[in-house]
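Here is what each chain is made of, one letter per residue.
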Amino acid sequence: MERRKVDVVVMSDFHLGTFGCRAQEIANYLKSIQPGILVLNGDIIDGWQFNKRYFPLAHVEVIKEIMALLSKETRVIYITGNHDEMLRRYSDMELGNFQLTDKVVMEINGQKAWIFHGDVFDATTKGGTKLLAKLGGQGYDLLIYINCFVNWCLKAMGREKMSFSKKVKNSVKKAVAWIGDFEQTAAELAIEKKYDYVICGHIHQPQKRVIETKNGKVVYLNSGDWIENLTCLEYNNNEWSIYQYNEKQFAAKPLTHNTKKLPKLNVVTDEVQMFTLLEGMAANGEGFASLLKKITSSR
């Protein structure tokens with residue numbers, strides 16, 4: 001597939017290292033684009049649920065594709081989130097085209113976009129409630145696991161897939177109200193700071209809408225996630241849009257382990273013996289004729 005050129009791409013909430021991560025789809029998308037700037041807006045590696053016994057090849061492939069984009073002169077900005085908060089001690093680190101930070105303000109065509117993960121507005125990720133949030137994350141991962149099995153059955157029966165987590169979020173009034181409060185809080189703060197756009201992740205809810213208050217207005221954008229929604233944000237032709245992954249556009253090829261056998265180590269004794277003789281002769285000042293005599297007699 002020929003890479004599609006995009007000015008800016010904002011992706012978030014991969015949750016690499018968890019069962020629910022759709023790593024194959026992420027890798028497929030990354031292989032299809034050539035962005036000028038790639039913003040990884042938090043929760044890329046899930047440090048809360050990371051288990052060294054579970055990091056499949058497809059998850060490694062995602063990291064490989066990000067590194068490939070770096071080598072193709074794409075600027076990669078990694079913004080930390082709550083699930084990869086262990087990286088915050090290294091914030092504001094820059095290495096070539098790679099930058100690690102907690103937030104970034106990007107100016108494009110005279111308009112300022114404020115980009116951050118968004119967990120700063122979520123009280124459940126801090127203090128004593130953080131443990132409950134981690135337990136909730138494990139429950140969410142289990143729900144995704146069950147959902148995958150159910151969707152496999154639905155696909156076998158020729159029916160459309162369904163998302164348990166979406167149904168839960170949309171049916172629980174408190175969840176709907178919390179998402180609304182999150183978006184309003186982010187927008188009000190962005191208006192106060194005179195930004196034109198505010199871009200978040202965290203809540204796994206892709207969104208693009210104008211929020212207006214008595215103090216002004218701002219375009220609120222959310223990149224969604226790569227567990228249930230498979231969405232990100234793209235900036236092209238002076239406009240932000242929500243990209244929705246469509247599996248029909250990609251011929252996903254299963255990843256296989258490298259079965260190439262390494263060559264056996266072969267030490268040629270005679271060659272080693274020759275170099276040993278040369279070193280000895282050089283030390284004793286012996287000539288070429290003497291060398292031939294010694295090699296012949298050693299065989």
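Right above here is the structure, for reference.
Report on the accompanying structure. All residue numbers refer to position in the chain's written sequence, counted from 1. The predicted nature of this model means local features are confined to residues of pLDDT at least 70 and side-chain atom pairs, given and counted, to a pLDDT of 80 or more, with totals for whole chains, interfaces and linings taken over all residues. Note that water and hydrogens are dropped before the side-chain values are worked out from all heavy atoms of the structure.

Points about the overall build of the chain
Inference 1: A run of DSSP states H or I qualifies as a helix once it reaches four residues; a run of E qualifies as a strand once it reaches two. Both are numbered from the N-terminal end. Regarding its fold elements, the chain presents 7 helices and 12 strands.
Inference 2: Classification of the 299 residues of the chain by burial places 41% in the buried group.
Inference 3: Only the protein chains shown count as cover for residues, and the accessible areas themselves come from Shrake-Rupley with a 1.4 Å probe. Put simply, the chain shows about 17800 Å² of open surface, and 56% of that area lies on carbon and sulfur atoms. Throughout this description, buried means an accessible area under 20% of the type-specific maximum (1.4 Å probe, protein chains only), exposed means over 50%, and partly exposed covers the range between.

A closer look at the pairing of strand S5 (residues 98–101)
Inference 1: Neither face of S5 is exposed, since Phe 98 and Leu 100 on one face and Gln 99 and Thr 101 on the opposite face are all buried.
Inference 2: At least two DSSP bridges between two strands are needed for those strands to be called paired. Summarising the sheet, strand S3 (residues 75–79) and S5 pair through 4 bridges and their orientation is parallel. Its bridge partner lying in S5, Tyr 78 is registered against Leu 100.
Inference 3: For strand S4 (residues 93–95) and S5, the ladder comprises 3 bridges, and the chain directions are antiparallel. The partner of Met 93 across the bridge, within S5, is Leu 100.
Inference 4: Connecting S4 to the antiparallel partner S5 that follows it, the hairpin turn spans 2 residues, and Gly 96 within it adopts a positive phi of roughly 65 degrees.

Notes on the sheet that holds strand S10 (residues 216–222)
Inference 1: Spatially, S6-S7-S8-S10-S9 is the arrangement adopted by the 5 strands of the open sheet, whose pairing is mixed. In this open sheet, the two edge strands, each paired with only one partner strand, are strand S6 (103–108) and strand S9 (207–213). Adjacent strand axes in the sheet meet at a mean angle of 20 degrees, parallel and antiparallel pairs treated alike.
Inference 2: In this structure, strand S7 (residues 111–116) lies alongside strand S8 (residues 197–200), joined through 3 bridges in parallel fashion. Bridged to Ala 113 within S8 is Tyr 197. Note on geometry: axes are C-alpha line fits, over the in-contact stretch for helices, and angles between N-to-C directions span 0 to 180 degrees.

Focus on helix H1 (residues 23–32)
Inference 1: Among the 10 residues in H1, 9 count as buried, and that is most of the element.
Inference 2: Restricting attention to buried positions, one finds in H1 the residues Ala 23, Gln 24, Glu 25, Ile 26, Ala 27, Asn 28, Tyr 29, Leu 30 and Ser 32.
Inference 3: The secondary structure elements touched by the buried residues of H1 are strand S1 (4–11), strand S2 (33–41), helix H2 (57–71), strand S11 (231–236) and strand S12 (239–244). Here, residues are in contact when the closest pair of their heavy atoms is within 4.5 Å.

Quick look at the sheet that holds S5
Inference 1: Taken in spatial order, the 7 strands of this open sheet run S4-S5-S3-S2-S1-S11-S12, and their pairing is mixed. A single partner strand is all that each edge strand has here, and the edge strands are S4 and S12. Averaged over all adjacent pairs, the angle separating strand axes in this sheet is 20 degrees, with direction ignored.
Inference 2: Against the sheet, H1 touches S1, S2, S11 and S12, its axis set at about 140 degrees to S1.
Inference 3: Lying on the sheet, H2 is in contact with S2, S3 and S5; it crosses S2 at an angle near 125 degrees.

Digging into unusual backbone geometry
Inference 1: In the Ramachandran plot, Asp 13 falls in the positive-phi region, its phi being about 55 degrees despite a non-glycine side chain.
Inference 2: Along the polypeptide, Asp 13 turns up in the loop between S1 and H1.
Inference 3: The class of Asp 13 is buried, set by a relative accessible area of 0%.
Inference 4: Its identity is not glycine, yet Glu 73 carries a phi of approximately 70 degrees, on the positive side.
Inference 5: Examined against the element boundaries, Glu 73 turns out to sit in the loop between H2 and S3.
Inference 6: With a relative accessible area of 70%, Glu 73 lands in the exposed category.

Describing the pairing of S7
Inference 1: Note: S6 against S7, 6 bridges, orientation antiparallel. Residue pairing across strands places Met 106 opposite Ala 113, the latter belonging to S7.
Inference 2: Connecting the antiparallel pair S6 and S7 is a turn made up of 2 residues, with Asn 109 showing a positive phi of about 50 degrees.

Here we look at the pattern of salt bridges
Inference 1: The rule for a salt bridge is simple: a side-chain nitrogen of Lys or Arg has to be within 4 Å of a carboxyl oxygen of Asp or Glu. Tallying each qualifying case throughout the model produces 7 salt bridges.
Inference 2: Across the pair Glu 234 and Arg 4 runs a salt bridge, and its minimum N-O distance is 2.9 Å. Within this pair, whereas Glu 234 is found in strand S11, its partner Arg 4 is found in strand S1, the two being separated by 230 residues in sequence.
Inference 3: Judged by its relative accessible area of 6%, Glu 234 falls in the buried class.
Inference 4: Salt-bridge contacts for Lys 208 lead to Glu 239; the nearest nitrogen and oxygen are separated by 3.8 Å. Of the two residues, Lys 208 is situated in strand S9 and Glu 239 in strand S12; the sequence distance between them amounts to 31 residues.
Inference 5: For Glu 239, a relative accessible area of 48% gives the class partly exposed.

Thoughts on the packing of aromatic side chains
Inference 1: For Phe, Tyr and Trp, rings pair up if their centres lie within 6.5 Å, where Trp contributes its six-membered ring, and each pair is then called stacked (planes under 30 degrees apart), edge-to-face (over 60) or tilted (otherwise). Enumeration over the complete set of coordinates arrives at 8 aromatic pairs.
Inference 2: When the ring of Tyr 29 is compared with that of Tyr 243, the centres are 4.7 Å apart and the planes differ by 35 degrees; the resulting orientation is tilted. Note that Tyr 29 is positioned in helix H1 and Tyr 243 in strand S12, a separation of 214 residues in sequence. Pair check on accessibility: Tyr 29 and Tyr 243 agree, each one buried.
Inference 3: Note on Trp 226 and Tyr 245: the rings are 5.9 Å apart at their centroids and 70 degrees apart in plane angle, and the pair reads as edge-to-face. Of this pair, Trp 226 sits in the loop between S10 and S11 while Tyr 245 sits in the loop between S12 and helix H6 (269–284), and the two are 19 residues apart along the sequence.
Inference 4: On the basis of relative accessible area, Tyr 245 is assigned to the buried category, the value being 8%.

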